[in-house]
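Observations on chain architecture
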Amino acid sequence: MLKNRILSGVQPSGDLHLGNYLGAIKNFVTLQKEYECFFCVVDLHAITVWQDPTKLAQKTREVTAAFIASGIDPEKNTLFAQSQVPQHSQLAWIFNCVARMGWLNRMTQFKDKAGKDRENVSVGLFSYPTLMAADILVYLATHVPVGEDQKQHLELTRDIAQKFNNDFNTNFFPIPEPLILGEATRVMSLRDGTKKMSKSDPSDYSRIMLSDDKDKIIKKIKKAKTDPLPLPSSIEEAEKRPESLNLLNIYAALSDTETKKIINNYAGKEFSKFKNDLADLSIEIIAPISLEMKKLMQDRVYLDDIMKAGKTKAIKAAEPVLSKVYEIVGLSGEK
Ligand code: ATP
Ligand code: MG
């Protein structure tokens, strides 16, 4: 029987941060034991906003290095760059014709990223979710581990799969399930507890990067915004104090513990002590990843070989799916 299949992606749109690690990559590492996994560096998504062409390939390598340094086995799983597998874009066009304008108009990520400049952002930024649906469904993936911010795009993917199946009277596409796991499914900015930690946030102090050294991690956690009160004593209290809850969730996720337990341990204590402990824990987890990433980045040939092998495996899986879709839709070409 076909093992359940995973597809997930990370954009080479900037330096990877703790949100990417706790919301996505850390879970990939666990899930690789149970699932057949396709992990993709989604460079076509990255260019929905401007990317420096002289740096994009290097950033793509960096995400690959982060996957491997975090513990993803490059032999067992398929690691590749989205742009190298043309079937993603081909299926995305078909999904552009399945998805409805009204569905895409509801996407909150577009609203957040476009802000007040809606008329001036790329068409790609608007249609991004149909490409994401294609990324997933071109492998007939059944499960998609993502951070909480991607939940709405996953729902759209499910709607697209369902509508395609209905429109063409088939059950060809599975309806993929999101896997939103751990205690830090939405890591917030260290400067503002109501904003998600993001690669594209202009403030360096808003996020801890996987490439940050010890001193930077200590500085950023020390400077992280909190309130003047001691640490909360209950989940209910923490929920009213977003910056505190964020740091507690990060601590819980890094230590594979429930947030409730961390709250019990630190209830009523001063933030200075908690922040010291959080910095130590962050360094313990991130420093080895950061070191391994640096080592891997020295070996360009190794990383490129992995991506080449991944591309071949990915095309082998995607090509027959796309052919079948063409047949279902009646796009017969010269046949
Ligand atoms: P960008 O700001 O360019 O969109 P990003 O930081 O959101 O970058 P992505 O490459 O879009 O990163 O997302 C990669 C994965 O990391 C996705 O599964 C996403 O849900 C997850 N992720 C991103 N930010 C966070 C966060 N703050 N907390 C938890 N998961 C996150
Ligand atoms: Mg994002």
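The following refers to the structure shown. (Residues numbered from 1 in each chain as written. Chains lettered and ligands numbered in written order. Predicted model: local features only at pLDDT ≥ 70, side-chain atom pairs only at ≥ 80, totals over all residues. Heavy atoms only, no water.)

**A closer look at the environment of Val146**
Definition in use: Under the DSSP-based scheme used, a helix requires at least four consecutive residues in state H or I and a strand at least two consecutive residues in state E, with every element numbered from the N terminus.
Tracing the backbone through its elements, the reader meets Val146 in the loop between β4 (143–145) and α8 (151–167). On a C-alpha basis, the gap between Val146 and Ile72 in space is 16 Å, while along the polypeptide they are 74 residues apart.

**A short note on the packing of aromatic side chains**
Which entries qualify depends on this criterion: Stacked, tilted and edge-to-face are the three classes applied to pairs of Phe, Tyr and Trp rings, where Trp contributes its six-membered ring and a pair requires centres within 6.5 Å; stacked means planes under 30 degrees apart, edge-to-face means over 60, and tilted covers the rest. Think of it in three bands: residues with accessible area under 20% of the maximum for their type are buried, residues over 50% are exposed, and the middle band is partly exposed, with areas taken using a 1.4 Å probe on protein chains only. Cation placement over rings: the criterion is NZ of Lys or CZ of Arg within 6 Å of the ring centroid and within 35° of the ring normal.
What the rule picks out here adds up to 15 aromatic pairs. Ring geometry for Phe38 and Tyr139: centres 4.6 Å apart, planes at 20°, overall stacked. Highlighted residues: Phe38 in strand β2 (residues 36–41) and Tyr139 in the loop between α7 (123–137) and β4, separated in sequence by 101 residues. The class of Phe38 is buried, set by a relative accessible area of 3%. Note on Tyr139: relative accessible area 0%, which makes it buried. When the ring of Phe164 is compared with that of Phe168, the centres are 4.7 Å apart and the planes differ by 45°; the resulting orientation is tilted. Judged by its relative accessible area of 0%, Phe164 falls in the buried class. Through successive ring pairs, a cluster of aromatic residues spans Phe95, Phe164, Phe168, Phe172 and Phe173. It is Lys223 that lies over the ring of Tyr205; its NZ or CZ is 5.4 Å from the centre. We note Lys269 situated over the ring of Tyr266; from NZ or CZ to the ring centre the distance is 5.9 Å.

**Quick word on a positive patch on the surface**
Here is the rule: Grouping into patches uses exposed residues only, defined as over 30% relative accessible area, and leaves out salt-bridged ones; the cut-off is 9 Å for like charges and 5 Å for nonpolar side chains (Val, Leu, Ile, Met, Phe, Trp, Tyr). In these tables, accessible area is a Shrake-Rupley quantity obtained with a 1.4 Å probe, and a residue counts as shielded only by the protein chains included in the view. Salt bridges are identified by distance alone: a Lys or Arg side-chain nitrogen within 4 Å of an Asp or Glu carboxyl oxygen. Two residue types count as positive, namely Lys and Arg, and two as negative, namely Asp and Glu; His and chain ends fall outside the count. Every charge is mapped onto a representative atom, which is NZ of Lys, CZ of Arg, CG of Asp or CD of Glu.
Positive charge collects at one region of the surface, where Arg191, Lys216, Lys219 and Lys223 lie side by side. Tracing the backbone through its elements, the reader meets Lys223 in helix α9 (residues 214–223).

**Looking at the side chain of Arg61**
Applicable threshold: In protein, a polar contact requires one atom able to donate a hydrogen and another able to accept it; more generally it is a pair of N or O atoms within 3.5 Å, and residues adjacent in sequence count only if both atoms are side-chain atoms. Here a residue-residue contact requires only that any non-hydrogen atoms of the pair lie within 4.5 Å.
As for its position among the elements, Arg61 is in helix α3 (residues 53–70). Looking at Arg61, its side chain comes within polar contact range of the side chain of Gln58, at 2.9 Å. With near-sequence residues (within four places) excluded, Arg61 lies in contact with Met297, Arg300, Leu303 and Asp304.

**A short note on the pairing of β2**
Test applied: Between any two strands, at least two bridges found by DSSP are needed for them to pair. Handedness is read with the strands pointing away from the viewer; a crossover is right-handed when the path from the first strand over the helix to the second is clockwise.
Of all the 6 residues making up β2, 5 are buried; the element is thus mostly covered by neighbouring parts of the structure. In terms of strand pairing, strand β1 (residues 5–10) meets β2 through 6 bridges, oriented parallel. By the bridge assignment, Val10 is partnered in β2 with Val41. With helix α1 (residues 18–31) bridging β1 and its parallel neighbour β2, the resulting β-α-β unit is right-handed. Bridge count between β2 and strand β3 (residues 78–81): 4 bridges; the pairing is parallel. The residue bridging Phe38 from the neighbouring strand is Thr78, located in β3.

**Thoughts on the pattern of salt bridges**
Within the structure shown, the criterion is met by 17 salt bridges. Notably, a salt bridge pairs Lys163 with Asp167, separated by 2.9 Å at the nearest N-O pair. With Lys163 and Asp167 both in helix α8, this residue pair falls 4 residues apart, about one helical turn. When its relative accessible area of 43% is taken as the criterion, Asp167 is described as partly exposed. Here Lys273 and Asp277 are joined by a salt bridge, their closest N and O atoms 2.9 Å apart. Of the two residues, Lys273 and Asp277 are both situated in helix α13 (residues 271–297); the distance of 4 residues between them amounts to about one turn of the helix.

**What about the nonpolar core?**
Stated precisely, the cut-off is as follows: By nonpolar core we mean a set of buried residues, namely Ala, Val, Leu, Ile, Met, Phe, Trp, Tyr and Cys, connected to one another through side-chain atoms within 4.5 Å.
Ranked by internal contacts, the top residues of the largest apolar core, which has 60 residues, are Leu22, Phe67 and Phe274. Take this core: its biggest share by element is 10 residues, from α13.

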